[in-house]
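Observations on the model geometry
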Amino acid sequence: MLSIKNLHASVEDKAILKGLDLEVKAGEVHAIMGPNGSGKSTLGNVLAGREAYEVTEGEVLLDGSDLLALSPEDRAREGVFLAFQYPIEIPGVSNINFLKTALSEIRAYKGLPPMEARDFLKKVKEKQQLVEFDAKLANRSLNEGFSGGEKKRNEIFQLAMLEPKLAILDETDSGLDIDALRIVARGVNQLRADNNAFILITHYQRLLEYIVPDFVHVLYNGRIVRSGTKELALELEEKGYDWIKETVDA
Ligand SMILES: Nc1ncnc2c1ncn2[C@@H]1O[C@H](COP(=O)(O)OP(=O)(O)OP(=O)(O)O)[C@@H](O)[C@H]1O
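Just so it is clear, the structure is predicted and the values come from calculations on it, not from any experiment. (Residues numbered from 1 in each chain as written. Predicted model: local features only at pLDDT ≥ 70, side-chain atom pairs only at ≥ 80, totals over all residues. Heavy atoms only, no water.)

Quick look at helix 4 (residues 117–130) now. With 14 residues, helix 4 extends 20 Å from end C-alpha to end C-alpha; this agrees with the ideal 20 Å at 1.5 Å per step. Within the span of helix 4, buried status applies to Phe 120, Lys 123, Val 124, Lys 127 and Gln 128. End-on, the buried residues of helix 4 take up no more than an arc of 130°, which puts them together on one face. Among the exposed residues of helix 4, those oriented more than 90 degrees off its buried face are Arg 118, Leu 121, Lys 122, Lys 125 and Gln 129. Those residues of helix 4 hidden inside the fold are in contact with helix 3 (95–109), helix 5 (135–139) and helix 6 (148–162). Trailing helix 4 by a residue or two, Glu 132 shows a phi angle of about 50°, which is positive. (Helix = DSSP H or I, 4+ residues; strand = E, 2+ residues; numbered from the N terminus. Expected span 1.5 Å × (residues − 1). Buried < 20%, exposed > 50% of the residue type's maximum accessible area, 1.4 Å probe, protein only. Arc of directions from axis to C-beta. Contact = heavy atoms within 4.5 Å.)

Between its terminal C-alpha atoms helix 7 (residues 178–191) stretches 20 Å, which fits the 20 Å expected from 14 residues at 1.5 Å a residue. Of all the residues in helix 7, the buried ones are Ala 180, Leu 181, Ile 183, Val 184, Ala 185, Gly 187, Val 188 and Leu 191. Close packing links the buried residues of helix 7 with helix 4, helix 6, strand 9 (166–171), strand 10 (197–202) and helix 8 (207–210).

Looking now at the side chain of Lys 123. Its place among the elements puts Lys 123 in helix 4. Among the residues examined, Lys 123 registers a relative accessible area of 12% and is labelled buried. A distance of 2.5 Å separates the side chain of Lys 123 from the side chain of Glu 163, its partner in a polar contact. If we ignore the near neighbours within four places in the chain, the residues touching Lys 123 are Leu 103, Met 115, Met 161 and Glu 163. (Polar contact = N/O pair within 3.5 Å; in protein donor to acceptor, adjacent residues only side chain to side chain.)

For the rest of this paragraph, the subject is the site of the ligand. Taken together, 15 residues sit near the ligand, with Gly 37, Lys 40, Ser 41, Thr 42 and His 203 positioned nearest. Within the backbone of Gly 37, a nitrogen or oxygen atom sits 2.8 Å from an oxygen atom of the ligand. Within the backbone of Gly 39, a nitrogen or oxygen atom sits 3.0 Å from an oxygen atom of the ligand. At the level of elements, strand 2 (14–24) and helix 1 (40–48) are the ones that each hand at least two residues to the shell around the ligand. With three residues, the single largest contributor to the shell around the ligand is helix 1. Class assignment of the residues belonging to the shell around the ligand gives a composition of four nonpolar, eight polar and three charged. (Near = heavy atom within 4 Å. Nonpolar A, V, L, I, M, F, W, Y, C, P; charged D, E, K, R; others polar.)

With six of six residues buried, strand 10 lies mostly within the body of the structure. Burial of the side chains of strand 10 extends over both faces: Ala 197, Ile 199 and Ile 201 are buried on one face and Phe 198, Leu 200 and Thr 202 on the other. As paired elements, strand 3 (residues 29–33) and strand 10 share four bridges and run parallel to each other. Across the sheet, Val 29 pairs through a bridge with Phe 198, a residue of strand 10. Sheet analysis places strand 9 next to strand 10, joined by six bridges and oriented parallel. Each bridged residue has a counterpart across the sheet, and for Ile 168 the counterpart in strand 10 is Ile 199. (Pairing = 2+ DSSP bridges.)

A few words on the side chain of His 8. Relative to the elements of secondary structure, His 8 occurs in strand 1 (residues 2–11). At a separation of 3.4 Å, a polar atom in the side chain of His 8 contacts the main-chain amide nitrogen of Gly 19. Residues in contact with His 8, not counting those within four places in the same chain, are Leu 17, Lys 18, Gly 19, Glu 54, Val 55, Thr 56 and Glu 57.

So, on to the nonpolar core. With 47 residues, the main nonpolar core has Phe 157, Leu 159, Leu 207 and Leu 236 as its most contacted residues. It is helix 7 that provides the largest number of residues to this core, a total of seven residues. Ignoring sequence-local partners within four residues, the contact set of Leu 159 consists of Phe 81, Pro 164, Ala 167, Leu 169, Leu 191 and Phe 198. Counting 26 residues, the second largest nonpolar core, distinct from the first, contains Leu 22, Val 24, Val 46 and Ala 197. (Core = buried A, V, L, I, M, F, W, Y, C linked by side-chain atoms within 4.5 Å.)

Moving on, we get to the confidence of the model for the protein chain. Residue-level pLDDT values for the protein chain average 87, and 94% of them are 70 or greater. Scoring of the predicted complex yields 0.90 for pTM and 0.92 for ipTM. (pLDDT = per-residue confidence, 0-100.)

What follows is the structure, given as structure tokens:
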């Protein structure tokens, strides 16, 4: 599904990603861990196509097509979803209207007409139940005044509604409490399927107790320097990152 080869990217002329390789297949969940400042969020931002991030070398293919050639909007239409650490608030735009517009955009891109109102509402109900999302939140303005946990719930609800091919969840922030972690975990577990993939950026071994990833990668100094299974996350928890830095820097 996603193939990243020798990716180099800079922010304000500072090289952050320095030859990153990553292969993600459909049906897989990959966790990306690594010390502060190693480039984890930068990777998410580069994949989503955010402006400040300049790719200087390498390629990213999504189902064999050049992802980097697409605008951020078209990446989203192609099914790439990036959940930010701090989702924006849009007063005056209800969650439901936002999702209706987003879904119509995705369908139009695929040459499909907008969903019938009845079908859309059925889908809203079904997905609300699936991810246990409060109907009252769905009708409020997008993220306005939402608590951290409610924003997380909303993020998972958006995921459920938009059914992206590739979801990148940046959960780096230490402000997530245990409930928010559980919300994210439950949602991801419900939505995991053979035709989608997840990249979870996280500092938490704890999150990975709830979502068992197929692979764990350590990003250090702009490259993936170690990959393994969930045992690698346990090892990191126990030993910290210094042993990895020592082997890489040696
Ligand atoms: N928009 C930006 N402007 C300037 N510098 C940036 C920007 N985005 C990232 N950087 C810099 O790039 C480096 C990598 O940041 P990034 O957020 O990707 O690391 P991270 O691995 O996610 O870190 P953390 O674990 O602390 O969240 C940092 O030195 C950061 O200051």
